[in-house]
Each structure stands twice: as structure tokens, then as C-alpha cells.
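Close look at the chain arrangement
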Amino acid sequence: MKKLGVYIHIPFCNRKCSYCDFVSGVYSDDVKRAYFNELDKEIRAFDFTGYAVDSVYFGGGTPSSVPSAYIAGALDCLRSAARTEDGCEITVECNPESLTGDKVADYAACGVNRLSIGLQSATDSLLERIGRLHTTNDFVRALDAAQSRFDNVSADIMLGLPGQTSADVVRAVKLLAGRNLSHVSAYALKVEEGTPLAASGYTPDEDYSAELYETAADMLLGYGYRRYEVSNFAFPGFECRHNMRYWTRGEYRGFGVAAHSFVRDTRFCNTSSLDDYLRGVRTTDSEYIPPDGREAAEETLMLALRTADGLDLAEYRDRFGTDPEKEKREVLEYLDGYVEISGGRLRLTDKGFYVMNEIIVRLLSD
């Protein structure tokens with residue numbers, strides 16, 4: 001039986017952040033109720049035959065902004081429609097202002113075993129500037145509640161925010177590491193068109209963002225975290241199973257508005273219109289990707305190089321009939337110091353992670 005990850009999109013927030021371009025917003029209780037009814041219908045309509053679900057991820061939006069009964073109900077629906085493995089990783093994304101002790105208890109009771117909390121910054125003035133509703137003290141309060149019930153708690157920080165300094169990054173990492181969080185994500189800000197932050201004219205300085213990333217990465221590694229993917233650090237055994245599925249081209253099924261899926265060699269996505277989704281519209285775009293074709297080969301290389309494990313060259317040769325070690329020899333020689341081949345795997349070095357996108361472009365170019 002094949003493994004399947006499940007992503008469930010919750011498009012509701014208490015307020016939309018200035019940098020966010022996800023399909024999310026502030027809606028009435030009636031809309032939320034109708035949405036979860038449609039979500040149940042979509043889950044029950046999918047044919048899970050031949051699959052066992054081993055990871056579930058509630059993302060958003062802000063899943064903790066809705067009543068916990070909705071999360072429990074969606075899990076009940078999934079369990080009735082699909083086989084879920086013992087030890088299935090079940091994650092709920094949370095924001096500090098909406099994560100309460102009661103919700104933490106409810107999540108634990110319905111089988112959630114991992115929480116991911118958005119800190120983003122440990123400077124209150126910066127949090128206010130980007131539209132966050134919480135303060136650093138709110139985060140600490142939420143973390144107290146989370147860690148009272150959960151051993152597996154993650155937090156996110158962002159790099160390249162307007163006015164952000166290295167002192168803010170140092171403060172955030174010290175806060176998270178000091179609480180012994182099992183997992184930390186450090187994402188570089190990308191200003192998306194159509195967001196309030198883009199309208200303000202702000203553009204991150206890429207070189208300075210790279211410096212902030214280096215600061216965060218060096219500190220986290222020093223605290224004993226392992227960088228298992230370019231933006232993700234964890235203590236051994238606490239890597240996010242669900243996200244690893246994306247980087248290894250594992251199969252996953254997304255449910256809800258704007259959710260993406262990769263099942264049976266086909267990528268497809270749901271409508272990005274909440275109104276259409278509530279009227280029963282589902283998939284709007286679909287593409288079959290031949291499993292041994294060029295697109296699959298490029299995806300495999302690109303995604304594998306995001307991870308610390310890198311690309312298994314023998315497995316890649318057997319599957320796609322190409323050998324990057326030989327066919328890209330000149331490029332690899334040029335990239336010496338940024339990539340390495342060790343134990344039959346092609347990997348980025350620590351220095352290579354800082355310029356990952358450029359390396360991938362070079363390796364994929366003809």
C-alpha cells in the first residue's frame with residue numbers, strides 16, 4: 001500500500017498580514033460552516049483505494065482561528081474515508097493570538113500530534129508593521145500552552161522583513177532555541193505582487209537577506225539543530241514528515257480552496273475562488289507528468305538539492321537514464337565548493353545553500 005500525505009487548506013484568518021498572498025481572509029461564521037461542509041464532501045469523494053495516509057497538514061490561512069471542533073470534524077471525516085497509519089503525523093498551523101490552552105487540549109484529544117506556530121519576528125514593532133496581531137509575549141503564552149501538551153512543536157521566523165536587523169534574528173533564534181523547540185523554519189521573505197507590502201514599494205535586499213539567513217542558520221546549527229532542507233532545521237527525528245514528501249516527490253492530496261495535489265503522476269489544483277469552491281467547483285488545472293520523463297527528472301533534481309541528503313545519483317541514473325556526474329562535469333567543476341559528491345549523492349555544501357537557486361538553474365540548463 002502506497003503512502004499518501006494529506007494537506008487541508010483553511011482559508012480563514014483574524015487579519016491578513018501585509019506580505020501574505022495565500023488564498024485566505026476574514027470571513028463570517030456562516031462562511032466557515034459552509035466551507036467545512038464542502039471540505040467534508042470533497043474528502044469523501046476522493047478514492048483513497050491503495051493508499052495509507054501517513055501525514056496530515058492543516059495549513060492556511062490560520063487553522064487555529066477557527067473553532068477546534070472544525071479541525072476535529074475534518075479529521076473524523078478523513079479517518080472515515082481513508083486508512084490512516086498508526087503514528088500518522090498530524091500538524092496544525094497556529095498563530096499566537098488564536099492559540100489557547102483549550103484549543104491545544106482539543107487538538108491533542110482529536111489526535112493532532114504536531115503544532116507549528118508563526119512567530120516571524122521577536123520585535124513587537126516589526127510584528128505590528130507587517131500586520132501581525134500578536135506580540136512576543138503572546139507567542140510565549142501560546143508556546144507555554146503548546147508545550148504543556150505537545151513534544152513536537154515548530155515555529156517559523158521570516159528573514160528580510162522591512163526594518164529587520166540581525167539583532168532581531170539573533171533574538172528570535174535565542175527565544176526558540178531557549179525553549180528547546182523540536183523544529184524551526186527560517187523563510188526568506190518574497191514580496192508578492194498584489195500584497196500591501198508590494199504596494200508600499202518595499203523590496204528586500206537579497207544580499208542582506210542572505211546575511212540574515214547565514215546568521216540564523218549558523219546559530220541554529222550551533223544549538224544542535226540539523227538543516228535537513230534549505231529553510232528547515234530540526235533536532236534528529238523531528239523533521240517534518242509531511243514537508244519531506246514535497247521535496248522527495250512523494251504523493252499528496254490537497255483538499256480545500258486553492259489546494260494543490262500530486263497523485264498518480266498527475267499534478268492538479270483546486271479553484272482559488274472561495275465562492276466557486278462553496279458552489280462545488282473543485283479542480284481547475286491538471287497536468288500528467290510522465291514518471292520517467294524530462295520534467296520528472298528536473299523536478300527530482302531540483303527538489304532533492306533543497307535537502308541535506310541531496311540526490312542519490314545511482315537511483316537517478318537507473319530511473320531517468322542520465323548521469324549528472326558525467327553530463328554536468330564542467331558545471332560541477334565550476335561549482336566546486338558549492339556542491340559536493342559524497343557517498344554516491346550530489347549535495348549542496350553549507351556555502352551552496354546560500355545560492356541554491358543559481359546552482360539549480362546552472363545544473364538544469366542545457
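This is a predicted model, so every value here is computed, not measured.

Describing the side chain of Ser182
With respect to the secondary-structure elements, Ser182 resides in the loop between α6 (166-178) and β6 (183-188). Ser182 gets classed as buried once you look at its relative accessible area, which sits at 2%. At 2.8 Å, the side chain of Ser182 and the side chain of Asn152 are in polar contact. Within the local environment of Ser182, its side chain forms a polar contact with the backbone oxygen of Val153, the two atoms lying 3.1 Å apart.

As for the domain arrangement of the chain
Examined at the domain level, the chain breaks down into domain 1 (2-247) and domain 2 (303-364). If you look at the interface, domain 1 gives twelve residues, while domain 2 gives ten residues. Contact with domain 2 buries surface across domain 1, with Arg227, Val230 and Trp247 losing the most and accounting together for 49% of the total. In this structure, the connection of domain 1 to domain 2 is made through three salt bridges. For Arg306, the salt bridge is made with Glu229, and the minimal N-O distance between the two is 2.6 Å. Along the contact surface separating domain 1 from domain 2 lie five residue pairs in polar contact (both at pLDDT 80 or more). Counting only elements with at least two residues in the side of domain 1 that touches domain 2, the list comes to α8 (206-222), β7 (226-229) and α9 (241-247). With four residues, β7 is the single largest residue contributor to the side of domain 1 that touches domain 2.

Quick word on the sheet that holds strand β14 (residues 339-342)
With antiparallel pairing, three strands are arranged side by side in an open sheet as β13-β15-β14. Only two strands of the sheet have a single neighbouring strand rather than two, namely β13 (311-312) and β14. With two bridges connecting them, β13 and strand β15 (residues 345-348) associate as antiparallel partners. Across the sheet, Leu311 pairs through a bridge with Leu346, a residue of β15.

The rules behind the values
- Residues numbered from 1 in each chain as written.
- Predicted model: local features only at pLDDT ≥ 70, side-chain atom pairs only at ≥ 80, totals over all residues.
- Heavy atoms only, no water.
- Helix = DSSP H or I, 4+ residues; strand = E, 2+ residues; numbered from the N terminus.
- Buried < 20%, exposed > 50% of the residue type's maximum accessible area, 1.4 Å probe, protein only.
- Polar contact = N/O pair within 3.5 Å; in protein donor to acceptor, adjacent residues only side chain to side chain.
- Domains from an automatic or database assignment.
- Contact = heavy atoms within 4.5 Å.
- Buried area = accessible area lost by both parts, 1.4 Å probe.
- Salt bridge = Lys/Arg side-chain N within 4 Å of Asp/Glu carboxyl O.
- Pairing = 2+ DSSP bridges.

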